[in-house]
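Close look at the chain arrangement
Residue-level listing of the chains:
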Amino acid sequence: MKSDGATGSIRPRISFYEDHGKYRGILSWILTQDHKRIGLLYLVFVIGFFFSGVILGFFMRLQMLAPGTIMKPQTYNSLFTLHGIIMIFLVVIPAIPTIFGNFFLPIQIGARDVAFPRINLLSWWLFISGGIIVVISVFTGGGPPDTGWTFYAPYSLRTTVNVPLAVFGVFVLGMSSILTGINLVTTTHRLRAPGMTWRRLPLFVWAIYSTSWVQILVTPVIGITLILIIMERFFGVGVFDPAKGGDPILYQHMFWIYSHPATYIMILPAMGIISDVVPVFARKKIFGYMAIAISGVAIAAVGSLVWGHHMFVSGQSDFADILFSLLTFLVAIPSAIKVFNWVATLHKGSIVIEPPLLFCLAFIFLFSIGGLTGLIQGALAPNMHLHDTYWIPGHFHYIIFGGMGFGLFAAFHYWFPKMFGRMYNRKTAMRAWAVMLVGFNIFYFSMLLLGWEGMPRRYYDYLPQFRTLHMTATFGSWILIAGLILMFANLFRGLFKGEKAEDNPWDAATLEWQIPSPPPTENFEKIPVIQHGPHDFKELENNG
Amino acid sequence: MGMKILFAVKVLILLTGVFFFQGTVNSHVEQPKDLSGVGIDERLGQFVPLDLNFNEETGDQVTLRQLIHRPTILALVYLHCPNVCSLLLQNLAEALNKLPAEPGREYTVLSISFDETEKPALALQKKKTYLSMIEKPFPGDAWRFLTGEKENIRKLTDAIGFHFKRVGEDFEHPVLLVILAPDGKIVRYMYGADPLPFDLKLAFLEASQGRIGPTIAKVVRFCFSYDPKANKLVFNMLRVTGTVTLFFALLFIVFLLFKGRKQHLKEEQQE
């Protein structure tokens, strides 16, 4: 991958691809301290893990096409567990902060690198180690984990399969997550260029900043919980196992104290991307800059206090149920503020239809469905009916895949020319978008309907009455996967055969577009002085 | 800085090694049996002894063979249970109410008390209570409430792998339903106190074909008395670690706020 990068008036300089640093070959990547190279390292592995997750999901759907003919029930249990662990811990949680946070946050605030480049590399190594440990747990011990990604006690304490190793892998991933959080928070505080005030930060930076705080504060909780599981399995300490005087509900509390905020670790960065991309293609200032920035912080804060809504049927007190339900409704407000602001930004804008914007529109549509279905199950009475049915996976795939996933794809298409200095085929990208959107809705809306009609989740088999909907869902999954393949093939082709990209193909106003594509190692020749906000397109035009 | 990272890496490698080693060892060793003797050892595919005698609500002796002819829901409970057993039976009654299957023809229900001191009179009273909760016509002999001798109870619970223990007046025991095929084969364990009509229907389908359904929602629920005071240590540990984490987070943000931006950035700009 080579490119001259710089065009226009700036003196040509070598890009970070050509600057090997101290090492050569593969070492120049895996020992690099350049935030951009580290971002790309994450990119490669996250995409790899993503496709393993997709393949697992594909087989789960295949099983539901003809239960009992393709795999044994135990295999199915392992499949949904691994699909969950890989997608959640190795793809959805790390993806945006590690790939795009690493690559673009420093550039967007006018810095040459993150605050702790070496810790940044350590984070990546921890991420890889955690990932490898999880993969090893699949092939060793008593077989792949079968607990579901939630590792609920006491089952996770008793199953003979290789839970401890998988749990330890997730623990290591958590350490990586904390270090990345600390790094990005410090970078945002300490390395902003002169004139880059808090009110001039790109909204992506705001989102990553809020997310990083959640990572720092809640990840230790899952770390402690997972260590307790390991202690309980090996040393018989009775913390969660009722037979030893422990409390399995305590496990659920501790698990969700991390894992609910983790859903905001997933979605907030994607919201940041949408907030940055929509104004560029509407050629307008974002509507309600501070409202979006602050609502991100509010989501991070209130979102950390709603974990109990996963436990309405676990036997907590009525008071706790009501309180958690109320907080759940409250956290919908800042999310809705964002949706309204994006739509208001589009209103009367000079809209330019490009792939990144299409993915943003899909995000808004799918996230709204996900958010509204979330309110239905967040209310106590419907939750009794919907709990542990297909409705729940339907809902969270709308949020995680429809929201975070499409946000990630928007980021791919938005920043691709900047990262690689080349452009993909925009028409194909739009076609892939359309195919995925159709497949996605056929697939996951069927899941919502299945759940509504009472199909429980995590079952390898079902009653005959659910057959039609299951077949529809599986059919949708094929369309979705076809779209995914088309999209990634197009990006991959663009990587090698795409035409050279300009420095600022979208005419965006944030800092990363004011430097060459791909960026030089130190990003900026001279640290810029910031004089306007992130969406000041007029300023850009005046400067030529 | 370099030393610290090196140290961290060493610790990590050590930990990985320890857990990997333990993981491999652990997988070859049987899981330690439940120390306090409460829990379930699944015996899927095995048969319950059908010749055991139990008392009907009327007080007449009856063998299981006389009662099990079709897919059968077996609920092991004790009738004066103050909490989860009555919840289980109540939820079962509700599920039967919604279940699109004909009682007495497509399935039978047996509630068997594992408390040998309980008598048929109590069983009859409970039967009336629970049958009255079902709002559709439900033949009385489709849901039996049996009591019996200690020896027979033990034989049955051991065959099922159902381990419980007496604590004074009460018991500690797992909460679940067991589904039996018409020939007494154990085809499914359904954990928890709220059986879904969906599960029951699916289980009958399997039971009538003699297929074994591996357990799905393996969250074993127990009827147990939980004493938060006994776990003070755990809660205190959590409290301390939580406070320490928050303290450091606070310290971190205070540091960031006071320190502001890096100085050299400003200097570089002035050059």
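Residues numbered from 1 in each chain as written. Chains lettered and ligands numbered in written order. Predicted model: local features only at pLDDT ≥ 70, side-chain atom pairs only at ≥ 80, totals over all residues.

**Quick notes on the overall build of chain A**
Scanning chain A from terminus to terminus reveals 17 helices and zero strands. On C-alpha atoms alone, chain A measures out to a radius of gyration of 23 Å, which is about the 24 Å that the 2.2 N^0.38 rule sets for 544 residues. Nonlocal contacts in chain A, meaning residues at least 24 apart in sequence, comprise 83% of its contacts between residues at least 6 apart. (Helix = DSSP H or I, 4+ residues; strand = E, 2+ residues; numbered from the N terminus. Rg over C-alpha atoms; globule rule 2.2 N^0.38 Å. Contact = placed C-beta atoms within 7 Å.)

**What about the pairing of strand β10 (residues 186–191) of chain B?**
Residues and elements named next belong to chain B. Burial analysis of β10 places five of its six residues in the buried class, the great majority of the element. Here strand β9 (residues 170–180) runs beside β10; their pairing, made up of five bridges, is antiparallel. Considered in β10, the bridge of Leu177 is made with Met190. Between β9 and β10, which pair antiparallel and follow one another directly, the connecting turn spans five residues, one of which, Gly184, has a positive phi of 90 degrees. (Buried ≥ 20, exposed ≤ 12 C-beta atoms within 10 Å, placed from the backbone. Pairing = 2+ DSSP bridges.)

**Remarks on the confidence of the model for chain B**
Any region with low pLDDT has predicted coordinates that should not be read closely. Residues and elements named next belong to chain B. Confidence in the prediction for chain B averages 79 pLDDT; 77% of positions are at 70 or higher. Segment residues 14–35 is flagged for pLDDT under 50; beyond a separation of four residues in sequence, or across chains, it makes 26 contacts in the model. Predicted as a complex, the structure gets a pTM of 0.83 and an ipTM equal to 0.78. (pLDDT = per-residue confidence, 0-100.)

**Quick word on the environment of Gly39 of chain B**
Residue and element names in this part refer to chain B. Within the element layout of this structure, Gly39 appears in strand β1 (residues 39–40). Take Gly39: there are 22 C-beta atoms within 10 Å of it, and that puts it in the buried class. Put simply, Gly39 and Lys165 are 126 residues apart on the chain and 9.8 Å apart in space, counted from C-alpha to C-alpha.

**Describing the nonpolar core**
Ranked by internal contacts, the top residues of the largest apolar core, which has 178 residues, are Val167, Ile274, Val277, Phe363 and Ala410 of chain A. Top element by residues in this core is helix α9 (residues 248–282) of chain A. It accounts for 22 residues. Setting aside chain neighbours within four positions, we find Ile274 of chain A in contact with Trp342, Cys360, Phe363, Gly407 and Ala410 of chain A. Core analysis: the second largest hydrophobic core is formed by 54 residues, Ala75, Leu88, Leu99 and Ile179 of chain B among them. (Core = buried A, V, L, I, M, F, W, Y, C linked by C-beta atoms within 7 Å.)

**Quick look at the domain arrangement of chain B**
Per the domain assignment, the segments of chain B are domain 1 (39–223) and domain 2 (227–256). A separation of 45 Å is found between the C-alpha centroids of domain 1 of chain B and domain 2 of chain B. (Domains from an automatic or database assignment.)

**Considering the environment of Met404 of chain A**
All names here are of chain A. You can see Met404 is positioned in helix α14 (residues 391–420). Its 27 C-beta neighbours within 10 Å are what place Met404 among the buried residues. Sequence separation between Met404 and Thr263 is 141 residues; the distance between their C-alpha atoms is 9.6 Å. Excluding residues within four positions of it along the chain, Met404 makes contact with Val92, Met266, Ile267 and Ala270.

**Examining the pairing of strand β5 (residues 108–113) of chain B**
Residues in a regular strand project their side chains so that they alternate between the two faces of the sheet. All names here are of chain B. The element β5 is extensively covered by neighbouring structure, given that six of its six residues are classed as buried. Burial along β5 is two-sided: Thr108, Leu110 and Ile112 and Val109, Ser111 and Ser113, pointing in opposite directions, are all buried. Across six bridges, strand β4 (residues 72–77) lies against β5 in parallel orientation. Each residue of the ladder has a partner; that of Ile73, found in β5, is Val109. Where the polypeptide runs from β4 across helix α3 (residues 84–98) and back to β5, its parallel neighbour, the crossover connection is right-handed. (Right-handed = clockwise from strand over helix to strand, strands pointing away.)

**Here's the deal with the confidence of the model for chain A**
Scored by pLDDT, chain A has a mean of 91; 97% of the residues are at 70 or more. Contacts of residues 1–11 of chain A to residues separated by more than four positions or lying in other chains number 22 contacts, the stretch itself having pLDDT below 50.

**Overview of unusual backbone geometry**
All names here are of chain A. Following Ser517, the chain continues into Pro518 via a peptide bond in cis, with omega recorded as -15 degrees. Topologically, Pro518 is positioned in the loop between α16 (467–497) and α17 (537–542). Here the phi dihedral of Arg283 falls at roughly 50 degrees; this positive angle occurs in a residue that is not glycine. By secondary structure assignment, the location of Arg283 is in the loop between α9 and α10 (289–303). Residue classification places Arg283 among the partly exposed residues on the basis of 15 C-beta atoms within 10 Å. The residue Asp388 is not glycine, and still its phi comes out positive at about 60 degrees. Since 15 C-beta atoms lie within 10 Å of it, Asp388 is described here as partly exposed.

**Some points on the packing of helix α4 (residues 95–108) of chain A against helix α8 (residues 203–235) of chain A**
All names here are of chain A. Orientation of α4 relative to α8, taken along the N-to-C sense of each, is 125 degrees, at an axis distance of 10 Å. On the basis of their axis angle, the class for α4 and α8 is oblique. In this structure, α4 crosses over α8, and the sense of that crossing is left-handed. Facing Pro97, Gly101, Phe104, Leu105 and Gln108 of α4, the residues of α8 in contact are Phe204, Val205, Ile208, Thr211 and Ser212. Here the contact of α4 with α8 is composed, by residue class, of six nonpolar, four polar and no charged. (Axes fitted to C-alpha atoms, helices over the stretch in contact; angles between N-to-C directions. Parallel < 35°, antiparallel > 145°, perpendicular 65-115°, else oblique. Left-handed = near helix turned anticlockwise from the far one by under 90°. Nonpolar A, V, L, I, M, F, W, Y, C, P; charged D, E, K, R; others polar.)

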